[in-house]
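Architecture and fold: a report
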Amino acid sequence: MKRRSFLKLSGISALSGISPILQAKSNSKVFRITAKPGQVNIVGPTFPATEVWGFNGQVPGLPIRINHGQAVDATIHNGLDMPTSVHWHGIRLPNAMDGVAGLTQPAIKPGEDFRYQFTPPDAGTYWYHSHVNAYEQIGRGLYAPLIIEEADPPKVDRELVWMIDDWRLLDDASISDDFGAGHDKSHAGRIGNVPTVNGRFRDVIKVQTGERIRLRLINASNARNFALSFGELTPSVIAIDGQAVKPYQTKEPIIIGAAGRVDLMLDMTGNPGSMHPVVDSFYRKPFDLTTFAYDDKPLRESLLDSSIDLAPSNLPEPDLNNALDVNVTIAGGAMGGLRRARFNGEWMGLREIAQQGYVWALNDVVGNKLDMPPLIDTKKGQSIHMTINNETSFPHPMHLHGHHMKLLSIDDQPLPEPRWVDSPLIMPNQSVELAFVADNPGDWLFHCHALEHHAAGLGALVRIT
Ligand code: C2O
Ligand code: CU
């Protein structure tokens, strides 16, 4: 009997080389990943390759994909000539595995390793990225997908993972090294000139008429937000920030803020042989992010009509009747009207603060270091009801580590279907209401994922004891 059919008959998963018994016992998947320089042809063959930093030297870096219930056992080797660390964005994990250098672990020194071990409690679309000098390390490519597969995923013909990024390249396709420029810090963050999907500018994605594709979108940009339109297609949104939503079809552009994720189900209805761009329109000038090219041969005549529902996520439900109310005001930046704020515990004028490289504040406090008094200090199990007011002229994707938050309302309009988020994009002058159970002990970062904003003071701590 051939090995393949034996495995099939006996119901053992075909993990080559690993004893099924050992595999079942440890139930973890082992990864060895090196953060190191590499070369990627981003712009195309007529340009030189771009020198990047990547996990295993690739951009996106080595994808991590496990089954729900499996553990990640990832040893990160630092092959850069500066310290680094890895944060597992959106995963509810023990604080010591969160990867925030200087807060949850010491930075990994050049030549050294750090072993991360955790079992993600939720299936879905996540990512991992550097959390040291992030605007430069992520900006040079240190990010990768982290996918936790559902036990019983909806049936599709194919799955695509698109890590979207936005590079600031010079004419020779090298990365502009003006990371953390003052203008980027005080305005919209580092917005580039070369938007890419999986490290490729204006790629062409081959598809077939009638095909059903699950598209996992991950926005790894330093600061660029996207509003993606799929032309004649009508995408169904099935998950946001990794968590299942009741599927809904929409022709509206799909908004995906920096660090955000959206899972779409696409039934490819274009004509055989046709080309259809995916267009971004978040900022003033729309552009083609990438293009679908249909094969001459359709895959099937009529579309699949099987269910696209994901199992609902299993997150702790906040108790709004006994919740701690927290109001957070985001202020500062250019055209923001913030005059003074507390910096290292003292009230100071914004100009003086700006001279030190900081321009943003949460509740009038500039988040310039990791050992500050926490914004929220609470006991494990406490429900938090948080209202965030964005009193600035820029959008802010606000990320809370180690938790998911339920988005309850936007501008006082309750959402008909509240949804779980870990990086909600809050638009200028918008106010949002969120709730979560502070059930994961530790000091957690809460910060803007426009990385230049975080570096310029838009961050705080949530302490759970
Ligand atoms: Cu995705 Cu503090 O980061
Ligand atoms: Cu911001």
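Residues numbered from 1 in each chain as written. Chains lettered and ligands numbered in written order. Predicted model: local features only at pLDDT ≥ 70, side-chain atom pairs only at ≥ 80, totals over all residues. Heavy atoms only, no water.

**A few points about the sheet that holds strand S2 (residues 50–55)**
Across the sheet, four strands lie side by side as S2-S1-S4-S6; this open sheet has mixed pairing. Only two strands of the sheet have a single partner each, and these edge strands are S2 and strand S6 (113–118). Taking the axes of each pair of neighbouring strands and ignoring which way they run, one obtains an average angle of 20° across the sheet. Alignment of strand S1 (residues 28–40) against strand S4 (residues 71–78), held across eight bridges, turns out to be parallel. Residue pairing across strands places Arg32 opposite Thr75, the latter belonging to S4. (Pairing = 2+ DSSP bridges. Helix = DSSP H or I, 4+ residues; strand = E, 2+ residues; numbered from the N terminus. Axes fitted to C-alpha atoms, helices over the stretch in contact; angles between N-to-C directions.)

**A look at the coordination of the copper ion (ligand 2)**
Taken together, His396 (ND1), Cys448 (SG) and His453 (ND1) make up the full set of protein donors to the copper ion (ligand 2), lying 2.0 to 2.1 Å away. Mapped onto the sequence, the residues coordinating the copper ion (ligand 2) show the spacing H-x51-C-x4-H. Of the two residues, His396 sits in strand S27 (residues 396–400) while Cys448 sits in strand S32 (residues 442–448), which places them 52 residues apart along the sequence. Per residue, the accessibility class of His396 equals that of Cys448, and both read buried. (Donors = N, O, S within 2.8 Å, 3.2 Å for Na, K, Ca; no water. Buried < 20%, exposed > 50% of the residue type's maximum accessible area, 1.4 Å probe, protein only.)

**Side note on the domain arrangement of the protein**
The assigned domain composition of the protein is domain 1 (13–150), domain 2 (159–294) and domain 3 (320–464). Carbon and sulfur atoms make up 61% of the area that domain 2 and domain 3 hide from each other, which totals about 1,800 Å². Linking domain 2 with domain 3 are two salt bridges, by the criterion used here. Where domain 2 packs against domain 3, one counts 11 residue pairs in polar contact (both at pLDDT 80 or more). Elements represented by at least two residues in the side of domain 2 that touches domain 3 include exactly helix H4 (182–186) and strand S16 (243–249). In the side of domain 2 that touches domain 3, the residues fall into eight nonpolar, seven polar and six charged. (Domains from an automatic or database assignment. Buried area = accessible area lost by both parts, 1.4 Å probe. Salt bridge = Lys/Arg side-chain N within 4 Å of Asp/Glu carboxyl O. Polar contact = N/O pair within 3.5 Å; in protein donor to acceptor, adjacent residues only side chain to side chain. Nonpolar A, V, L, I, M, F, W, Y, C, P; charged D, E, K, R; others polar.)

**Considerations on the pattern of salt bridges**
Any two side chains of opposite charge can pair, so long as their charged atoms come close to each other. Using the criterion set out here, one finds 23 salt bridges in the structure. Notably, a salt bridge pairs Arg224 with Asp166, separated by 3.1 Å at the nearest N-O pair. Within this pair, whereas Arg224 is found in the loop between strand S13 (212–219) and strand S14 (226–229), its partner Asp166 is found in strand S9 (residues 158–167), the two being separated by 58 residues in sequence. Taking the relative accessible area as the measure of exposure, Asp166 reaches 6% and is therefore buried. The shortest N-O distance in the salt bridge between Asp267 and Arg212 comes to 2.9 Å. On the criterion of sequence distance, the pair formed by Asp267 in strand S18 (residues 261–267) and Arg212 in strand S13 is long-range, its members being 55 residues apart.

**Concerning the packing of aromatic side chains**
Per the stated rule, a full pass over the model turns up nine aromatic pairs. Plain terms: the ring middles of Phe55 and Tyr128 are 4.9 Å apart, the flat faces sit at 45° to each other, and that makes the pair tilted. Of this pair, Phe55 sits in strand S2 while Tyr128 sits in strand S7 (residues 124–130), placing them 73 residues apart in sequence. On the accessibility criterion, Tyr128 (0% relative accessible area) is buried. Aromatic pair Trp162 and Phe292: ring centres 5.7 Å apart, planes at 35°, arrangement tilted. Of the two residues, Trp162 is situated in strand S9 and Phe292 in strand S20 (residues 287–294); the sequence distance between them amounts to 130 residues. The exposure class of Trp162 is buried, given its relative accessible area of 2%. Here Phe292 falls in the buried class, since its relative accessible area comes to 3%. (Phe/Tyr/Trp six-rings, centres within 6.5 Å; stacked < 30°, edge-to-face > 60°.)

**Examining the pairing of S4**
The element S4 is largely enclosed, with a buried count of seven among its eight residues. Of the strand pairs in this sheet, S4 and S6 are connected by six bridges, and their pairing is antiparallel. Looking across to S6, one finds that Ile76 is bridged to Phe114.

**Examining the sheet that holds strand S33 (residues 459–464)**
One open sheet accounts for five strands, arranged S25-S33-S32-S27-S30; its pairing is mixed. Of all strands in the sheet, those bounded by a partner on one side alone are strand S25 (376–378) and strand S30 (425–426). The sheet contact formed by S25 and S33 spans three bridges and is parallel. Residue pairing in the sheet places Ile376 in a bridge with Val462 of S33.

**Focus on the nonpolar core**
In this structure, Trp88, Trp162, Phe230, Phe292 and Met386 are the most contacted members of the largest nonpolar core, which totals 86 residues. Once you skip the residues sitting within four places of it in the chain, Phe230 turns out to touch Trp162, Leu215, Pro235, Ile254, Leu264, Leu266, Val278 and Phe292. Grouped together as the second largest cluster of nonpolar side chains are 21 residues, Ile42, Tyr143, Leu169 and Ala220 included. (Core = buried A, V, L, I, M, F, W, Y, C linked by side-chain atoms within 4.5 Å. Contact = heavy atoms within 4.5 Å.)

**Details of the confidence of the model for the protein**
Reading predicted coordinates in detail is not appropriate for stretches of low pLDDT. With 95% of its residues at a pLDDT of at least 70, the protein reaches an overall mean of 94. Of the regions scoring below 50 in pLDDT, residues 1–25 engages in 13 contacts with residues more than four places distant in sequence or in other chains. (pLDDT = per-residue confidence, 0-100.)

**Let's talk about unusual backbone geometry**
Here the bond from Val59 into Pro60 is cis, since omega is -10°, no more than 30 degrees from zero. At Asn344, a residue that is not glycine, the phi angle is positive and equals roughly 50°. Residue Asn344 is classed as partly exposed on the basis of its relative accessible area, which comes to 45%. The phi dihedral of Asp411 falls on the positive side, at around 50°, and the residue is not glycine. Given the relative accessible area of 40%, Asp411 is considered partly exposed.

**Overview of the environment of Gln58**
Summarising the element assignment, Gln58 is placed in the loop between S2 and strand S3 (64–67). Through-space distance from the C-alpha of Gln58 to that of Pro37 is 8.4 Å; in sequence the pair is 21 residues apart.

**Concerning the side chain of Lys185**
With respect to the helices, strands and loops of the structure, Lys185 is situated in helix H4. Within the buried core, Lys185 has no salt-bridge partner, and the shortest N-O distance to an opposite charge, that of Glu452, equals 9.3 Å. Residues in contact with Lys185, not counting those within four places in the same chain, are Gly180, Gly357, Val359, Trp360, Glu452, His453, Ala455 and Ala456. (Lys, Arg positive; Asp, Glu negative; His and termini not counted.)

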